[in-house]
Amino acid sequence: MAKYINIGGKEVGDECPCYIVAEIGINHNGKMENAKLLIDIAVRAGCDAVKFQKRTPELCVPMKQQTQQKDTPWGTMTYLEYRHKVEFGLEEYAEIDRFCKEKNIAWFASCWDEPSVDLLEQFDPPCYKIPSAALTADNLIKHVVSRGQPVILSTGMSTDEEIDRAVDLLDDEKQVICHATSTYPCPLEELNLRMIRTLRDRFDCPIGYSGHEVGLPTTLAAVAMGANLVERHITLDRLMWGTDQAASVEPVGLSSLVRHIRSIEAAMGDGI
């Protein structure tokens, strides 16, 4: 039986409602107006939280890529300039914090580097997310854990040994481990949903699912298989410019996803 943890006043674990995270990420394309529209969509759908991504571009973009030219909706620019274009800073996150409090929805972010953790700490997030790409970044994980908040760890691209090493760095009383496959969008035959059961058998903590597939049925299957937390990228329109848009759920789909997850929970029964 998985343990329970508390994220912003809501219990996450077996026999609790699935904690549903609407991943905005960088699908706002650097526009606060888009971010607020996506927050409103998550609120109307009944999600528990929205999530963003926070990077310090100079630390996260390899030196050899920083000066590469990239065609963007704002014209041709270096890749480093582009990363700054879609990155929110302190002022924007202060407005996100204010807006989410007004809308009564929790928010947090995936942190890709230590300064990003320090910036977000000012807003007392209910938890932090370690993205799959940072699962082997021991110093970052330790830095996040030192903040004392629950940590959600995604495991895309990782070996069993790498997952074990990362989990050893976490506080086992404040962790959620998410199955993820790091392809955007992910072909159905690569989702490997049975990994949810594998993680449930290996770790005594809530287990989640971070999905990057097209469509809803496989995410619903993840909930039926025991995922205590579900995260899906959301977008205003899958045809918008951006690397994550095609693997995201549009507003109508998000409402359907939340409604179907709650229906599955109501139908599960007690097994007697």
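Since we're looking at a predicted model, the values are computed, not measured. (Residues numbered from 1 in each chain as written. Predicted model: local features only at pLDDT ≥ 70, side-chain atom pairs only at ≥ 80, totals over all residues. Heavy atoms only, no water.)

Student: Just checking my understanding: could you explain the pattern of salt bridges for this structure?
Tutor: One side chain can pair with another of opposite charge once the charged atoms of both are near each other. Within the structure shown, the criterion is met by 19 salt bridges. Notably, a salt bridge pairs E102 with R98, separated by 2.8 Å at the nearest N-O pair. One end of the pair is E102 and the other is R98, both in helix α5 (residues 90-103) and four residues apart, which spans about a single turn. Here R147 ties to D118 by a salt bridge, and the two come within 2.8 Å at their closest N and O atoms. Here R147, found in the loop between α7 (138-145) and β9 (151-154), pairs with D118, found in helix α6 (residues 114-121); they are 29 residues apart in sequence, far enough to count as distant. Beyond isolated ion pairs, a larger network of salt bridges with shared partners links K10, D48, R262 and E265. (Salt bridge = Lys/Arg side-chain N within 4 Å of Asp/Glu carboxyl O. Helix = DSSP H or I, 4+ residues; strand = E, 2+ residues; numbered from the N terminus.)

Student: It is not clear to me how the packing of aromatic side chains should be interpreted in this structure. Could you clarify?
Tutor: The description of an aromatic ring pair uses the distance of the two centres, along with the angle that the planes make with each other. Scanning all chains against the criterion turns up eight aromatic pairs. When the centroid spacing of 6.1 Å and the interplanar angle of 85° are considered together, the rings of F88 and Y93 count as edge-to-face. Ring plane angle 10° and centroid distance 5.6 Å describe the contact between Y93 and W107, whose orientation is recorded as stacked. Taken together, the residues span a long stretch of sequence, with Y93 in helix α5 and W107 in strand β7 (residues 106-111) at a distance of 14 residues. When sorted by exposure, Y93 lands in the same class as W107, which is buried. Through a chain of ring-to-ring contacts, the aromatic side chains of F52, F88, Y93, W107 and F123 assemble into a single cluster. Its guanidinium or amino end placed over the ring of W112, R55 lies 3.9 Å from that ring's centre, counting from NZ or CZ. Of note, K70 hangs over the ring of Y82, and the distance from its end group to the ring centre comes to 5.3 Å. (Phe/Tyr/Trp six-rings, centres within 6.5 Å; stacked < 30°, edge-to-face > 60°. Buried < 20%, exposed > 50% of the residue type's maximum accessible area, 1.4 Å probe, protein only. Lys NZ or Arg CZ within 6 Å of the ring centre and 35° of its normal.)

Student: Explain the packing of helix α10 (residues 217-224) against helix α11 (residues 251-268) here, please?
Tutor: When two helices pack together, their arrangement is given by the angle between the helix axes and the distance between those axes. Viewed as axis vectors pointing N to C, α10 and α11 meet at an angle of 30°, and their least axial separation amounts to 10 Å. Considering their axes alone, α10 and α11 lie roughly parallel with respect to each other. The handedness of the crossing between α10 and α11 is right-handed. Of the residues in α11, those in contact with T219, L220, V223 and A224 of α10 are L257, H260, I261, I264 and M268. (Axes fitted to C-alpha atoms, helices over the stretch in contact; angles between N-to-C directions. Parallel < 35°, antiparallel > 145°, perpendicular 65-115°, else oblique. Left-handed = near helix turned anticlockwise from the far one by under 90°. Contact = heavy atoms within 4.5 Å.)

Student: Just checking my understanding: could you explain the pairing of strand β11 (residues 207-211) for this structure?
Tutor: Side-chain positions along a regular strand alternate between the two faces of the sheet. Of all five residues making up β11, five are buried, and the element is well covered by its neighbours. Side chains I207, Y209 and G211 of β11 all project onto a buried face; the interleaved residues G208 and S210 project onto the opposite face, where all are buried too. In the sheet, strand β10 (residues 175-180) pairs with β11 via four bridges, with the strands oriented parallel. Considered in β11, the bridge of C178 is made with G208. For the segment spanning β10, helix α9 (residues 195-202) and β11, crossover handedness is right-handed. Relative to strand β12 (residues 229-233), β11 runs parallel, the two sharing four bridges. By the bridge assignment for β12, G211 is matched with R232. Read from β11 through α10 to β12, the crossover connection turns out right-handed. (Pairing = 2+ DSSP bridges. Right-handed = clockwise from strand over helix to strand, strands pointing away.)

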